[in-house]
Amino acid sequence: MTLGVTLSSTSRQLPIDDTVSLAREARDAGLHSAWFGQTFAYDSPSLAAIVGREVPGLQVGTSAIPVFGRHPLLVSSQAQTAQAATGGRYHLGLALGTRHLTETGFGLPYERPIGLLREFLTALRPLLETGEADFHGELLTATTPYSAAVPGARPTVPVLVAAMGPQALRVSGELADGILPFLAGPRALAEHVVPAVTAAAEAAGRPAPRIVALVPGVVTADAEVVRERAAEAHALYERIPSYQRAIELSGAERAADLAVIGDEETVAAEVRRYREAGATEVVFTSTDLGGEDDRRRTWKLLGELSRQEGAAGSR
């Protein structure tokens, strides 16, 4: 299992140079990967390409681009460009998005999200693999009058989906390389998420999927204060049905209940629980909730755990 962090701030958009500096710090701390959310501000594949090129050795990923308002041809170009720029260290994350952001931001009806996800992935995979597509679905069309391949975009960009519901997990198991569950605790992962996506991948004849668990977490001496901040920062997820279900299946009442907050021993134990639940990778989010000193303390621990996992895996 590998460990990484998101470089998206919980309170502000960072200038690109500051983001690159943070990425270097993450790499030097021993972390394996850095991930970028997709909002209406930075284009996350572009930011990942810049960071990955500036910080050799660090895996970079997008978590995650909503399929509404995008097209497979454009996302393929973005992802392949990032892959070529980083020398093969880019990971593409996709998401269904939410009704509110889709309809208010893009003016698009949030209809048939699972059907769109299936068609999007079906059209995207050959584009990433061969640079060619000839897909005509009910919801989208993607054809290539000439090649869409980007020189140097190898290996094929891995595709992960921020899936947690049964239908999204089924589609992801069949057509993607893994998933990016967020606010799905060890119980939900072990009992619902991992079995569902793994069974779908097996039925489709695909390899075992990657399970990249995104987990809010901070190493801190002020656990009560940081948990209050986590409650405020993550309250919006409690109003989104897919997250409501994941929180409930995790045995929690609030999103903040799934934040990993405490001393080094507490956080390390929770990381082990995610591994035992089937996570192949753990990515900590919101590590700046307690301030810069706690963020550095958190990254230090995660780097140490990452090196220990690497040493254990090499034996």
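As the structure is a computational prediction, the values presented were derived from the model and not from experiment.

Each value, and the rule that gives it
Residues numbered from 1 in each chain as written. Predicted model: local features only at pLDDT ≥ 70, side-chain atom pairs only at ≥ 80, totals over all residues. Heavy atoms only, no water. Phe/Tyr/Trp six-rings, centres within 6.5 Å; stacked < 30°, edge-to-face > 60°. Helix = DSSP H or I, 4+ residues; strand = E, 2+ residues; numbered from the N terminus. Buried < 20%, exposed > 50% of the residue type's maximum accessible area, 1.4 Å probe, protein only. Lys NZ or Arg CZ within 6 Å of the ring centre and 35° of its normal. 1 Å grid on protein atoms, 1.4 Å probe; cavity = no way out; pocket = protein on both sides within 12 Å on 5 of 7 lines; lining within 4 Å. Points joined across faces, edges and corners; volume = space filled by probe spheres on them. Nonpolar A, V, L, I, M, F, W, Y, C, P; charged D, E, K, R; others polar. Core = buried A, V, L, I, M, F, W, Y, C linked by side-chain atoms within 4.5 Å. Contact = heavy atoms within 4.5 Å. Salt bridge = Lys/Arg side-chain N within 4 Å of Asp/Glu carboxyl O. Axes fitted to C-alpha atoms, helices over the stretch in contact; angles between N-to-C directions. Parallel < 35°, antiparallel > 145°, perpendicular 65-115°, else oblique. Pairing = 2+ DSSP bridges. Right-handed = clockwise from strand over helix to strand, strands pointing away.

*Asks:* Help me understand the packing of aromatic side chains in this model?
*Replies:* What describes a pair of aromatic rings is the distance from one ring centre to the other and the angle between the planes of the rings. The full count for this structure, using the stated rule, is five aromatic pairs. Ring geometry for Phe182 versus Tyr243: centroids 6.1 Å apart, planes at 80°, classification edge-to-face. Residue Phe182 is found in the loop between β9 (178–179) and α7 (186–203), and its partner Tyr243 is found in helix α9 (residues 241–249); the two are separated by 61 residues along the sequence. The class of Phe182 is buried, set by a relative accessible area of 11%. Tyr243 sits in the buried class, given a relative accessible area of 16%. Pairwise contacts between aromatic rings join Phe182, Tyr237 and Tyr243 into one cluster. The ring of Trp299 carries Arg295 above its face, with NZ or CZ at 4.4 Å from the centroid.

*Asks:* Explain the layout of surface pockets here, please?
*Replies:* If a probe the size of a water molecule is rolled over the atoms, the empty space left behind becomes visible. Reported here for the second largest pocket is a volume of approximately 190 Å³. Around the second largest pocket, the lining is made up of 13 residues, and of these Phe68, Pro109, Glu111, Leu116 and Leu139 lie nearest the centre. Classifying every residue of the lining of the second largest pocket gives eight nonpolar, two polar and three charged.

*Asks:* Any chance you could explain the nonpolar core here in plain terms?
*Replies:* Buried together is how nonpolar side chains tend to be arranged in soluble globular proteins. Within the largest apolar cluster, 92 residues are counted, with the highest numbers of intra-cluster contacts made by Leu92, Leu94, Leu189 and Phe284. With near-sequence residues (within four places) excluded, Leu94 lies in contact with Ala64, Ile65, Val67, Val75, Phe120, Leu121, Leu124, Val159, Leu160, Val161 and Ala162. Core analysis: the second largest hydrophobic core is formed by eight residues, Val218, Ala230, Ala259 and Leu289 among them.

*Asks:* Whenever I open this one, the pattern of salt bridges confuses me. Can you help?
*Replies:* A side chain with one charge can pair with a side chain of the opposite charge if their charged atoms come near. Taken as a whole and judged by the stated rule, the model has 18 salt bridges. Residue Glu191 is joined to Arg187 by a salt bridge in which the shortest nitrogen-to-oxygen separation is 4.0 Å. One end of the pair is Glu191 and the other is Arg187, both in helix α7 and four residues apart, which spans about a single turn. On the basis of relative accessibility, which here comes to 44%, the residue Arg187 falls in the partly exposed class. Taking the shortest distance from any N to any O, the salt bridge between Glu264 and Arg297 comes out at 2.7 Å. One end of the pair, Glu264, is in helix α10 (residues 264–276); the other, Arg297, is in helix α11 (residues 292–314), with 33 residues separating them in the sequence. Taking the relative accessible area as the measure of exposure, Arg297 reaches 30% and is therefore partly exposed.

*Asks:* When you look at the packing of helix α5 (residues 113–130) against helix α6 (residues 166–175) in this model, what are you seeing that I'm missing?
*Replies:* Each pair of packed helices can be described by the angle between their axes along with the distance between the axes. Between α5 and α6, the least distance of the axes is 10 Å, while the angle of their chain directions is 10°. When the interaxial angle is binned, α5 and α6 end up roughly parallel. Residues Ile114, Leu117, Arg118, Leu121, Thr122 and Arg125 of α5 lie in contact with α6, whose contacting residues are Gln167, Ala168, Val171, Glu174 and Leu175. Of the residues in the contact of α5 with α6, the class split is six nonpolar, two polar and three charged.

*Asks:* Sorry, what's going on with the pairing of strand β10 (residues 210–219) here?
*Replies:* Two faces belong to every sheet, and in a regular strand the side chains alternate between them. Taking burial as the measure, the ten residues of β10 include ten buried ones, the bulk of the element. The alternating pattern of β10 places Arg210, Val212, Leu214, Pro216 and Val218 on one face and Ile211, Ala213, Val215, Gly217 and Val219 on the opposite face, and all of these are buried. The pairing of β9 with β10 spans two bridges and is parallel. The partner of Gly178 across the bridge, within β10, is Arg210. Assessed by its sense of winding, the connection that carries the chain from β9 through α7 to β10 is right-handed. Taken together, the five bridges between β10 and strand β12 (residues 281–285) define a ladder with parallel strand orientation. In the strand pairing of β12, Leu214 is matched with Val283. Taken together, the three bridges between β10 and strand β11 (residues 260–262) define a ladder with parallel strand orientation. Bridging across to β11, Gly217 finds its partner in Val260.

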